[in-house]
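Observations on chain architecture
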Amino acid sequence: MIDFLFLDKNICYSCKSEEISRFFLCDSCLSKLDLVDNNFKIDGYDAYAIYFYNKFMANMIGSYKFNRNTSLYRVFGSLVEFYIKNSKDLSFDFDYILPAPSSKSTLNRRGFDHIRLITDYFVEKNKMRYLDSFKKIKETKVQHSLSLEDRQKNLRGAFSCHEDLTGKKILIFDDIITSGNTVREMIRVLEKCKPSQIKILALSSSHKVK
């Protein structure tokens, strides 16, 4: 179904007016992306953000998530794939990739898994596997509407994983990192499964400076 949502594949998937240059975007839209390539720590684990969450990125992600402009998954997926392929710190040799899971109510309301759809773009062709045993088991409130303290409480007990991950390398992926509380709770659950490595990658972050 997704392939029919935007039929002219030679025209920019964002502005839908100019000819594609790279990553399914035209030169004008590409120039509005703010590459930061940030490396920072979340609870002692290496985290990476590719782009700054500027107005253009916010509008694209909003159109994708809330207006069902699902053709944009190719834009985001190709940007992430290119970044991993050219990163000195990341590669496709993780045992599992873990897209931040959404609640059932969010999936039903939105009609698609917006994070996993992005990773679907490159997972199979790069021979990666999903950690499907990691689940979101608790309905949570929308994080951006809560205080920092309430965000932590909101996510407590939201995830579950009972798989033995001893010696395994896990790459967590999310579209946006702001407070990092979602990733922190995912890490807390994963640590009980004893993986040898956890890294985090986000398409964008609101933190501009390393």
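Residues numbered from 1 in each chain as written. Predicted model: local features only at pLDDT ≥ 70, side-chain atom pairs only at ≥ 80, totals over all residues. Heavy atoms only, no water.

**Focus: the overall build of the chain**
Broken down by element type, the chain carries seven helices and seven strands. Counting the 210 residues in the chain, one finds 50% classified as buried. Contacts in the chain between residues at least 24 apart in sequence constitute 69% of all its contacts with a sequence separation of at least 6. Accessible surface computed for the chain: about 10800 Å², of which carbon and sulfur atoms make up 49%. (Helix = DSSP H or I, 4+ residues; strand = E, 2+ residues; numbered from the N terminus. Buried < 20%, exposed > 50% of the residue type's maximum accessible area, 1.4 Å probe, protein only. Contact = heavy atoms within 4.5 Å. Areas by Shrake-Rupley, 256 points an atom, 1.4 Å probe, with all protein chains shown as cover.)

**Description of unusual backbone geometry**
In this structure, R68 takes a positive phi of about 55° despite not being glycine. On the basis of relative accessibility, which here comes to 47%, the residue R68 falls in the partly exposed class. Phi angles above zero are rare outside glycine, and K127 is one such case at about 60°. Within the secondary structure, K127 is located in the loop between α5 (114-123) and β4 (135-136). On the basis of relative accessibility, which here comes to 76%, the residue K127 falls in the exposed class.

**Digging into the environment of A49**
Tracing the sequence through the fold places A49 in strand β2 (residues 45-52). On the accessibility criterion, A49 (0% relative accessible area) is buried. Sequence separation between A49 and L35 is 14 residues, and the spatial gap between their C-alpha atoms is 9.0 Å. In contact with A49, other than residues within four places in its own chain, are V36, D37, N38, F40, A202, S204 and S205.

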